[in-house]
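Geometric and topological summary
Chain residues, written in single-letter form:
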Amino acid sequence: MAEVRLKQLVKRYDKQEIIKGIDLHVQDGEFVVLVGPSGCGKSTTLRMIAGLEDINAGTIEIAGRAVNDLQPHLRNIAMVFQNYALYPHKTVKDNILFGLRKSKVSRAVMDDRLKQVATMLQLEELLNRKPADLSGGQRQRVAMGRALVRDADVFLFDEPLSNLDAKLRHHMRTEIARIHQNLKTTFIYVTHDQVEAMTLGDRVVVMWDGEIEQMGTPMDIYLNPVNTFVATFIGSPSMNLIPATYRESNGMIVMADLELPMELLPGVHTANLKDKQALYVGIRPDFFEDVHYASELEAYWKLPERTIELIEPLGFDKEVSFSIGDQFVKARLDLRSDLQAGNALGLAVNPERILVFDRDNGMRVN
Amino acid sequence: MSDRIVAQESRLGYRLLAPAFLVIVLLILYPIMFNLYLSFFDVQLDGNKTWVGVSNYLKLLSDQTFYHSLGTTLIYLAGTVVGTTVLGLAVALLLNEEFPLRNLVRGLVLLPYFAPVISVVFGWQFIFDPVNGIYNHVMVEELGLMSERQNVIGEPDSAIWVVIVFDVWKHFPIAFLLILAKLQSIPKDQYEAAAIDGYSAWGRFIHVTLPELRFVLGTVILLRLIWNLNRFEDVYLLAPNVETLPIYIYYRAFTGVIDQGFAAAVAVVQLVFLAGLIWLYVRKVLKW
């Protein structure tokens, strides 16, 4: 167990900066998820921590020692690869014990750990098979076992679930969360899947274009994104961003035919806005409520009636689409709202959940 | 599939095989059978043959020159096969690393394999020439490692080493090519996983590279054994005094006191060794 510190970390390929000087402090025992779209540098960052990529500037410290110039095999880390990287000529058992054999632990300890990991990951029946005889999900579990059997300072995961089908991915996600709860070691986990990021991380680090856009607890990132990138990347379906303009004369934010009184928004100060400033109003689909079922409507912002254009049923939920001006907007309503396309729709939103962004630079306005 | 379709398919299969089968029968099977037949006769130059039973084989078993030739062949096989495999592996590992002009170097390494035997043989003979060769010049005059010039190729005992080195030099590129092709297909993340599991470059070579190369190394070794057991022209052209089995057979069949029945018997012995190697290749290597 150990903490990991990245200080002003830079990675360049042919003069182009892929990682642009990031700082990150992962606490001992913390589960940190790096999330972002492909090409954002999250995997490169992880591989730099592992020692599989050179560092062009900055430092990486694991357990208080700088590891910049240490080869991967000297860093005492364990890693689960996206494509599992199992040794095809070794049995499951030998794959799992390969790292321990090097660290010269006693036979008894080895057997003990193997048994522990095999039970935890339900690998008991597979120990004598070769990777070629395993299904994708089984291989994934072996790859996890190979990492978890080690007494490593830090465990690294490079999109470990991305090759599994949806059901298995969900199952393994829960498994990983459970394993971390039991082991309480330092986990750094890379994914492009925002659901994995939200559900697994003690802390989520959202990356884009080689920089950290925001880090915080999953709920913090979900409720208080610092810019439109984070706002739309985290959460599914994406946050609605409705183009708007601030009108100082009557203190209204104007969206096409809708007006949102500034006095409703406790989190936004008029001092931070200019007359005629171009804005986005951000509302998550989940925060729209059907006026028929909302309880405390007093303080809510009630939208004038809209016409439903499309309904996508999801079982318990349904996604209801309508327009504000030219902007297509989605609301997620539950079973109770029995609606059809073409119906009139009465919606309300808790104003605390309405976010305002500057349309020019995408930054949140408070 | 119905039985009729299966029967039709297999008839088509036989028809497609027939031409190749015919050629093999005419050019390979017939000579082999005829050779086996000859090995039981005392063959005269005018074509007359007398049946002698197994006496050619008995003569062979008591012939010192045959055992000497067998020994030469074993040294030649061991030296060339180990040499080409090790050198091919080393060069393949080296040229699998990234460096400028890598593709050019990879191309140049193949040259010995593509060069015509006869032209490079003359070059090698010149290198070891006792009077004008650079080998003697360097060893005697420059480095002083030898006190006097030697006719390296002229002496069978030293000539075999020249023949082995020549064969390694000429044929390692095929080992290099096969091994390099396999090296390039080993997934990079296996090396990364082994590095993270705590293994240094040497450990990764032992635990990732070698097991992955097992099949191709087996192929290289067995194919080289099969080819070199039959190799005639390289040895004969460079140093005709190195009597490996094919050359021994040639001398007995076509030079000096000609004894084609005896030569045929030696050829049968060689065939038995060859069949053993081919059996190994089909049973083991092709199964991996």
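Note that the coordinates shown come from a computational prediction; the quantities given were computed from them, not determined experimentally.

Procedures and definitions
Residues numbered from 1 in each chain as written. Chains lettered and ligands numbered in written order. Predicted model: local features only at pLDDT ≥ 70, side-chain atom pairs only at ≥ 80, totals over all residues. Heavy atoms only, no water. Helix = DSSP H or I, 4+ residues; strand = E, 2+ residues; numbered from the N terminus. Buried < 20%, exposed > 50% of the residue type's maximum accessible area, 1.4 Å probe, protein only. Contact = heavy atoms within 4.5 Å. Areas by Shrake-Rupley, 256 points an atom, 1.4 Å probe, with all protein chains shown as cover. Lys, Arg positive; Asp, Glu negative; His and termini not counted. Charge placed at Lys NZ, Arg CZ, Asp CG, Glu CD. Axes fitted to C-alpha atoms, helices over the stretch in contact; angles between N-to-C directions. Parallel < 35°, antiparallel > 145°, perpendicular 65-115°, else oblique. Left-handed = near helix turned anticlockwise from the far one by under 90°. Buried area = accessible area lost by both parts, 1.4 Å probe. Salt bridge = Lys/Arg side-chain N within 4 Å of Asp/Glu carboxyl O. Polar contact = N/O pair within 3.5 Å; in protein donor to acceptor, adjacent residues only side chain to side chain. Pairing = 2+ DSSP bridges. 1 Å grid on protein atoms, 1.4 Å probe; cavity = no way out; pocket = protein on both sides within 12 Å on 5 of 7 lines; lining within 4 Å. Points joined across faces, edges and corners; volume = space filled by probe spheres on them. Nonpolar A, V, L, I, M, F, W, Y, C, P; charged D, E, K, R; others polar. Domains from an automatic or database assignment.

Digging into the overall build of chain A
- Scanning chain A from N- to C-terminus turns up 8 helices and 24 strands.
- Here the C-alpha coordinates of chain A stretch approximately 75 × 45 × 35 Å along the principal axes.
- Put simply, chain A has 366 residues, and 53% of those count as buried.
- In chain A, 67% of the contacts between residues at least 6 apart in sequence involve partners at least 24 apart.
- When the accessible surface of chain A is summed, it comes to about 16600 Å², and 46% of that surface belongs to carbon and sulfur atoms.
- The average position of the 43 basic charges and that of the 50 acidic charges among the side chains of chain A differ by 10 Å.

Structural notes on the packing of helix 4 (residues 136-148) of chain A against helix 5 (residues 166-183) of chain A
Residues and elements named next belong to chain A.
- One can describe the packing of helix 4 onto helix 5 by two numbers: an axis separation of 12 Å at closest approach and a directional angle of 15°. Taken together, helix 4 and helix 5 sit at an angle that is classed as roughly parallel. When you trace helix 4 past helix 5, the crossing you get is right-handed. Touching Gly137, Gln140, Arg141, Met144 and Leu148 of helix 4 are Leu168, Met172, Ile176, Ile179 and Leu183, all from helix 5.

Regarding the interface of chain A and chain B
- Counting residues at the interface gives 22 residues for chain A, matched by 17 residues for chain B.
- Interface of chain A and chain B: buried area, both sides summed, is about 1700 Å²; carbon and sulfur atoms make up 58% of it.
- At the boundary of chain A and chain B, one finds 2 salt bridges.
- Our count for the contact surface shared by chain A and chain B stands at 9 residue pairs in polar contact (both at pLDDT 80 or more).
- Elements that contribute at least two residues to the side of chain A that touches chain B include exactly helix 1 (42-50), strand 6 (77-80) and helix 2 (92-102) of chain A.

Quick notes on the sheet that holds strand 22 (residues 347-349) of chain A
All names here are of chain A.
- The strand order across the open sheet formed by 3 strands is 15-22-16, and the pairing between neighbours is antiparallel. Because the sheet does not close on itself, it has two edges, and the strands there are strand 15 (288-290) and strand 16 (301-302).
- Note: strand 16 against strand 22, 2 bridges, orientation antiparallel. Pairing of Trp301 across the sheet is with Val349, part of strand 22.

Remarks on the sheet that holds strand 6 of chain A
All names here are of chain A.
- Spatially, 6 strands are ordered 6-7-8-3-9-10 in an open sheet, and the strand pairing comes out mixed. Where the open sheet ends on each side, the last strands, each with one partner, are strand 6 and strand 10 (211-216). The sheet shows a mean angle of 20° between the axes of neighbouring strands, direction not considered.
- Of the strand pairs in this sheet, strand 7 (residues 154-158) and strand 8 (residues 186-191) are connected by 5 bridges, and their pairing is parallel. Within strand 8, the position partnered with Leu156 by the bridge is Ile188.

Examining helix 1 of chain A
All names here are of chain A.
- The buried count for helix 1 comes to 8 of 9 residues, which makes it a mostly enclosed element.
- Burial in helix 1 covers these residues: Lys42, Thr44, Thr45, Leu46, Arg47, Met48, Ile49 and Ala50.
- One or two steps after helix 1, the chain reaches Gly51, where phi turns positive at roughly 95°.

What about the layout of surface pockets?
All names here are of chain B.
- A volume near 1000 Å³ is recorded for the largest pocket.
- Considering only residue class, the lining of the largest pocket consists of 11 nonpolar, 6 polar and 12 charged.
- Estimates place the volume of the second largest pocket at around 550 Å³.
- Considering the residues around the second largest pocket, the lining is formed by 21 residues, among which Asn35, Asn230, Ile249, Ala267 and Gln270 are closest to the centre.
- Here the element with the most residues in the lining of the second largest pocket is helix 13 (residues 260-283); it accounts for 8 residues.

Thoughts on the domain arrangement of chain B
All names here are of chain B.
- The domain architecture assigned to chain B consists of domain 1 (1-38) and domain 2 (54-287).
- In this structure, domain 1 and domain 2 have C-alpha centres spaced 34 Å apart.
- In this assembly, 4 residues from domain 1 lie in contact with 7 residues from domain 2.
- Taken over both partners, the interface formed by domain 1 and domain 2 buries close to 390 Å², and the fraction arising from carbon and sulfur atoms is 66%.
- Summed over the shared surface of domain 1 and domain 2, the result is 0 salt bridges.
- Remark: the boundary between domain 1 and domain 2 carries 1 residue pair in polar contact (both at pLDDT 80 or more).
- Looking at the side of domain 1 that touches domain 2 residue by residue, the class counts come to 3 nonpolar, 1 polar and no charged.

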